[in-house]
Amino acid sequence: MATTYDVRLGPEGAALEAKNVSVFYGDKQAIDTVSLAVPKKQVVALIGPSGCGKSTLLRCFNRMNDLVKGARVEGDVEFRGQNLYDPNIDPVEVRRRIGMVFQKPNPFPKSIYDNVAFGPRINRFEGNLDDLVETSLRQAALWDEVNDRLGESAYALSGGQQQRLCIARTLAVKPELVLMDEPASALDPIATQRIEELIYELKEEYTIVIVTHNMQQAARISDYTAFLYMGKLIEYGPTDTIFTNPREERTEAYVTGRFG
Amino acid sequence: MAPDQNVMPSDGGGASTALSIDSDLRFKRSRNVQEQAIGLLLFLCAAVSTLVTVGVVAVLLTETVRFFSQVSVFEFLTGTQWTPAFQEKHFGVLPLLAGSFMVAAGSALIALPIGLLTAIFLSEYATARLQAILKPLLEILAGIPTVVYGYFALTFITPLMRTFFPETDVFNAASASIVVGIMIIPTVSSLSEDALRAVPQVLREGAYGLGATKLEVSTRVVVPAALSGIIASFILAISRAIGETMAVTIAAGNLPNMTLNPLESIQTMTAYIVSVSLGDTPQGTIVYQTLFAVGMTLFVITLVMNILSQWVLARFREEYE
């Protein structure tokens, strides 16, 4: 079965490229020989029905699957010309460069400041930490809401604020690529809109791969969309094409809501 | 089917409708009685432990009050000599407190770090297979009778101590502390492990996602997040060490000695209670009443520590939500 693949990389090339990636959990295959290139400074959305493997694929991109017992990855994920699954690659270093925002806001039980400072501190950041925390919170559009209470617990924030804090925390380690795993699925519509606006702004500086089960969201925020179904990449192309004129019948059935 | 006005439930049962009630659905008095009887039985069982507690505290209190009608609270709490059975009687509880404190502190010094590190290992590092081996072993450690620990201290640890510190008494606080420390490791490790495991996996993932190593995730995220539970386990373990009786009676000696030198022979509050209980102290004498005064002191200390650990634990529940 062929995959329809219509992504042309610009002059900046790919931020990350998966080549024939398969993922197994024990005997069960969750991802079946997926290849896709993520263009630099673009937003790529991974869509598909529950259990299609979109989160699994995302977690391959920063070796988060290493933490899952029994998970095995085959194929190459190329980042800066190197295969992330090469035995000489340190997954800790990978995750410092490819950040991740999770489905449920997961701030640490620490102050707002310490949450943002966590990454820089473990990475032995030597500049002005206060400035970095402020910059990161501004980038995450949270600074104006929290600048007078940085010492308060992160749990004092609302869910949407917590998620923006998690984004600020990720940005503070200055990643080259940001992976987002359904970052707005636990949030109300207004908080979701803030996150979407934020993703749109972050595109200026960062490459973003976002998993979403919300097709309208994918249509609104992404430049490219990849449709996965049962572990396979069915179609990958410009978001406009995927939503208005998909070439694969199954993509059309999914984006028009006939299954999923 | 015409409604029959005459067929009302015979027991009245509060039925105000004129409809006849199908026998399947009819309220059954016999079952109600049965339910109530079972409820009462369960209540009585629950009441037993409560009544016993109240009774014990009442006895402790009455005898303690009698004791303090003869000895001032001030003398009891500040005196540095404990000689109730001597010709010249002194009722200063400080030597016994110092003994208990020394054993508690010494055992904490051993059990808290080892227990916590064991918990971190089990929760964050150990493979499923290693856990399956280690956890039952720790439970065995917790299941060894304390009298065996006492003999272990006397016949193994003390001789070992004396090869390094020849001036060590045969009965000494250090051996008792070491053995009580070993004894309470499972309390620390198992309760701390529960607290560490209760830390949501998403917090670990968040830290890994920022490029944290396993050590950084464990020490900078998981342990701080579980800190209240860990502290509660510490308090409970220390409370156990203070209440520990058999091992210290055997290993630490029975000399109410106002000292903080662990190589000397001492007596803890618990060991004193044992030694007087085993003797032929006549009821109603002042020596007999010291048992209750010391028992009360012990009870208050462990009660306060248990309440403290409950309070710390209750705070910790709020933390991730």
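Look up: the structure comes first, before these words.
### Digging into the overall build of chain A
Right, so step 1: For chain A, the helix and strand inventory stands at ten helices and eleven strands.
Right, so step 2: Taking 2.2 N^0.38 as the reference for a compact globule, 260 residues should give roughly 18 Å; the C-alpha atoms of chain A span a radius of gyration of 18 Å, in line with that estimate.
Right, so step 3: A principal-axis box enclosing the C-alpha atoms of chain A has dimensions of 55 × 45 × 40 Å.
Right, so step 4: The buried share of chain A, taken over its 260 residues, is 56%.
Right, so step 5: Look at the contacts in chain A between residues 6 or more apart in sequence, and 69% of them connect residues 24 or more apart.
Right, so step 6: Taking the average location of the 30 positive side-chain charges in chain A and that of its 36 negative ones, the two points are 4 Å from each other.

### Re the packing of helix 3 (residues 94-125) of chain B against helix 8 (residues 214-225) of chain B
Residues and elements named next belong to chain B.
Right, so step 1: Relative orientation of the contacting elements helix 3 and helix 8 amounts to 115 degrees, with a least axis distance of 11 Å. Between helix 3 and helix 8, the crossing angle belongs to the class labelled roughly perpendicular. The handedness of the crossing between helix 3 and helix 8 is right-handed. In this structure, helix 3 uses Ile120, Glu124 and Tyr125 to contact helix 8, whose residues at the interface are Lys214, Leu215, Ser218, Val222 and Val223.
Right, so step 2: The residue inventory of the contact of helix 3 with helix 8, partitioned by class, reads five nonpolar, one polar and two charged.

### Description of the state of the cysteines
All names here are of chain A.
Right, so step 1: One pass over the full model with this rule turns up zero disulfides over all chains.
Right, so step 2: Summary of cysteine pairing: Cys52 is not part of a disulfide, and the nearest cysteine sulfur, belonging to Cys60, is at 13 Å.
Right, so step 3: Classification of Cys52 by relative accessible area gives buried; the value is 1%.

### Observations regarding the packing of aromatic side chains
Right, so step 1: Per the stated rule, a full pass over the model turns up 14 aromatic pairs over all chains.
Right, so step 2: Here Phe67 of chain B and Phe76 of chain B contribute two aromatic rings whose centre-to-centre distance is 5.6 Å and whose plane-to-plane angle is 75 degrees, an arrangement assigned as edge-to-face. Comparing Phe67 of chain B with Phe76 of chain B, the two get one shared label, buried.
Right, so step 3: Note on Phe68 of chain B and Phe76 of chain B: the rings are 5.2 Å apart at their centroids and 85 degrees apart in plane angle, and the pair reads as edge-to-face.
Right, so step 4: By relative accessible area, Phe76 of chain B is classed as buried at 2%.
Right, so step 5: These aromatic residues form a ring-pair network of at least three members: Phe67, Phe68, Phe76, Trp82, Phe91 and Tyr272 of chain B.
Right, so step 6: Seen from the ring of Phe24 of chain A, Arg72 of chain A lies directly overhead, with NZ or CZ sitting 4.4 Å from the centre.

### Here we look at a negative patch on the surface
Right, so step 1: On the surface, a cluster of negative charge is made up of Glu197, Glu201, Glu204 and Glu205 of chain A.
Right, so step 2: Looking at the element boundaries, Glu205 of chain A is found in the loop between helix 7 (189-202) and strand 9 (207-211).

### Points about the pairing of strand 3 (residues 28-39) of chain A
All names here are of chain A.
Right, so step 1: Here strand 2 (residues 14-25) pairs with strand 3 via eight bridges, running antiparallel. Note that in strand 3 the partner of Val21 across the bridge is Val34.
Right, so step 2: Counting the residues that bridge the hairpin from strand 2 to strand 3 gives two residues, and of these Gly26 lies at a positive phi of roughly 65 degrees.

### Let's talk about the nonpolar core
Right, so step 1: Counting 115 residues, the largest nonpolar core has Leu16, Val21, Leu36, Leu46 and Phe61 of chain A together with Val180 of chain B as its most contacted members.
Right, so step 2: Non-local contacts of Leu46 of chain A, meaning those with residues more than four positions away in its chain, are made with Leu36, Lys54, Leu57, Leu58, Val209, Ile210, Val211, Thr212, Ala226 and Leu228 of chain A.
Right, so step 3: Core analysis: the next-biggest nonpolar cluster, separate from the first, contains 44 residues, Leu150, Ala154, Val178 and Ile208 of chain A among them.

### A short note on the pairing of strand 11 (residues 232-238) of chain A
All names here are of chain A.
Right, so step 1: In terms of residue burial, strand 11 counts as a mostly covered element, since five of its seven residues are buried.
Right, so step 2: Relative to strand 11, strand 10 (residues 224-229) runs antiparallel, the two being bridged by six bridges. Across the sheet, Tyr224 pairs through a bridge with Pro238, a residue of strand 11.

### Thoughts on the interface of chain B and chain A
Right, so step 1: With 19 residues of chain B in contact, the opposing surface of chain A contributes 25 residues.
Right, so step 2: Interface area for chain B against chain A, summed over the two sides, is near 1,900 Å², with a carbon-plus-sulfur share of 64%.
Right, so step 3: Considering only the surface of chain B that becomes buried against chain A, Glu205, Leu210 and Arg220 of chain B emerge as the three largest contributors, covering 33% of it.
Right, so step 4: Residue Arg59 of chain A is joined to Glu205 of chain B by a salt bridge in which the shortest nitrogen-to-oxygen separation is 3.0 Å.
Right, so step 5: Taken together, the connections running from chain B to chain A amount to five residue pairs in polar contact (both at pLDDT 80 or more).
Right, so step 6: Taken together, the elements giving at least two residues each to the side of chain B that touches chain A come down to helix 7 (201-209) and helix 8 of chain B.
Right, so step 7: For the side of chain B that touches chain A, the element with the highest residue contribution is helix 7 of chain B, accounting for seven residues.

### Thoughts on the sheet that holds strand 5 (residues 71-79) of chain A
Right, so step 1: Taken in spatial order, the four strands make up an open sheet running 3-2-5-6 (chain A), and their pairing is antiparallel. Among the strands making up the open sheet, the edge pair consists of strand 3 and strand 6 (82-83) of chain A.

### Brief notes about the environment of Glu145 of chain A
Residue and element names in this part refer to chain A.
Right, so step 1: Relative to the helices and strands, Glu145 is located in helix 5 (residues 143-146).
Right, so step 2: Looking at Glu145, the relative accessible area reads 27%, which means it is partly exposed.
Right, so step 3: Put simply, Glu145 and Ile221 are 76 residues apart on the chain and 24 Å apart in space, counted from C-alpha to C-alpha.
Right, so step 4: The contacts of Glu145, once residues within four sequence positions are left out, are Gln161, Arg164 and Arg194.

### Notes on a nonpolar patch on the surface
Residues and elements named next belong to chain B.
Right, so step 1: The grouping of Ile133, Leu137, Ile140, Ile144, Val147, Val148, Tyr151 and Met246 at the surface amounts to a nonpolar patch, some 700 Å² of accessible area in total.
Right, so step 2: At the level of secondary structure, the elements contributing two or more residues to the nonpolar patch comprise helix 4 (128-143) and helix 5 (146-164).
Right, so step 3: Structurally, the position occupied by Tyr151 is in helix 5.
Right, so step 4: Its relative accessible area of 48% is what places Tyr151 among the partly exposed residues.

### Details of helix 1 (residues 29-70) of chain B
Residue and element names in this part refer to chain B.
Right, so step 1: For helix 1, spanning 42 residues, the distance from its first C-alpha to its last is 60 Å, which sits close to the expected 62 Å at 1.5 Å a residue.
Right, so step 2: The sharpest bend along helix 1 measures roughly 25 degrees and falls at Ala47.
Right, so step 3: When we look at burial in helix 1, the residues that qualify are Ala47, Leu60, Glu63, Thr64 and Phe67.

### What to know about helix 6 (residues 173-197) of chain B
Residues and elements named next belong to chain B.
Right, so step 1: Taking 1.5 Å of rise per residue, 25 residues should cover 36 Å, and helix 6 covers 35 Å from first to last C-alpha, within 8% of that figure.
Right, so step 2: Its maximal kink placed at Ile184, helix 6 deviates by approximately 35 degrees, while the proline Pro186 follows within four residues.
Right, so step 3: Counting buried positions over the 25 residues of helix 6 gives 19, a clear majority of the element.
Right, so step 4: By the N-cap criterion, in which a side-chain oxygen at the helix start approaches the backbone nitrogen of a residue two or three places on, helix 6 is capped by Asn172, the distance to Ala174 being 3.1 Å.

So, how was this worked out
- Every chain is numbered independently, its residues counted from 1 as its sequence is written.
- All chains are assigned letters beginning at A, and all ligands numbers beginning at 1, according to the order in which they are written.
- Owing to the predicted nature of the model, reporting of local features is limited to residues with pLDDT of at least 70; listing and counting of side-chain atom pairs is limited to 80 or more, with chain, interface and lining totals taken over all residues.
- With hydrogens and water excluded, all non-hydrogen atoms of the structure serve as input to the side-chain values.
- Secondary structure follows DSSP: runs of H or I at least 4 residues long count as helices, runs of E at least 2 residues long count as strands, and numbering of each begins at the N terminus.
- The size measure is the radius of gyration over C-alpha atoms, and the globule rule it meets is 2.2 Å times the number of residues to the 0.38 power.
- Burial status follows relative accessibility: with a 1.4 Å probe on protein chains alone, a residue under 20% of its type maximum counts as buried, one over 50% as exposed, and anything between as partly exposed.
- Residue contacts follow a heavy-atom distance rule, with two residues in contact if any of their heavy atoms lie within 4.5 Å.
- For this count, His and the chain ends are skipped, Lys and Arg are scored as positive, and Asp and Glu as negative.
- Here the site of a charge means NZ on Lys, CZ on Arg, CG on Asp, or CD on Glu.
- Between the N-to-C directions of two axes lies an angle of 0 to 180 degrees, each axis being a line fitted to C-alpha atoms and, for a helix, fitted only over the stretch in contact.
- For classification purposes, angles smaller than 35 degrees are called roughly parallel, those larger than 145 roughly antiparallel, those between 65 and 115 roughly perpendicular, and all remaining angles oblique.
- Crossings are assigned a handedness: left-handed for a near helix turned anticlockwise from the far helix by less than a right angle, right-handed for a clockwise turn.
- Residue polarity is assigned by list, with Asp, Glu, Lys and Arg as charged and Ala, Val, Leu, Ile, Met, Phe, Trp, Tyr, Cys and Pro as nonpolar; anything else, Gly included, falls into the polar class.
- The rule for a disulfide is simple: a pair of cysteine sulfur atoms within 2.5 Å.
- When two rings of Phe, Tyr or Trp (its six-membered ring) have centres within 6.5 Å they constitute a pair, described as stacked for plane angles under 30 degrees, edge-to-face for angles over 60, and tilted for the intermediate range.
- Any Lys NZ or Arg CZ that is within 6 Å of a ring centre and within 35 degrees of that ring's normal is treated as a charge sitting over the ring.
- Nonpolar side chains (Val, Leu, Ile, Met, Phe, Trp, Tyr) within 5 Å and like charges within 9 Å form the patches, drawn only from residues with over 30% relative accessible area and no salt bridge.
- Note on areas: Shrake-Rupley, 1.4 Å probe, and residue coverage restricted to the protein chains presented here.
- Any carboxyl oxygen of Asp or Glu that lies within 4 Å of a side-chain nitrogen of Lys or Arg is treated as forming a salt bridge with it.
- Being paired, for any two strands, means DSSP has found at least two bridges between them.
- Take the buried Ala, Val, Leu, Ile, Met, Phe, Trp, Tyr and Cys residues and link them wherever side-chain atoms come within 4.5 Å; each set so joined is a nonpolar core.
- Two parts placed together each lose some accessible area; with a 1.4 Å probe, that loss summed over both constitutes the buried area.
- Distance and chemistry together define a polar contact, namely a pair of N or O atoms within 3.5 Å, with one atom able to donate a hydrogen and the other to accept it when in protein, and with adjacent residues in sequence counting only for side-chain atoms on both sides.
- Given the number of residues in a helix, its expected span is that number minus one, multiplied by 1.5 Å.
- The seven residues ending at a residue and the seven starting there each receive a fitted axis; the angle between those axes is the bend at that residue.

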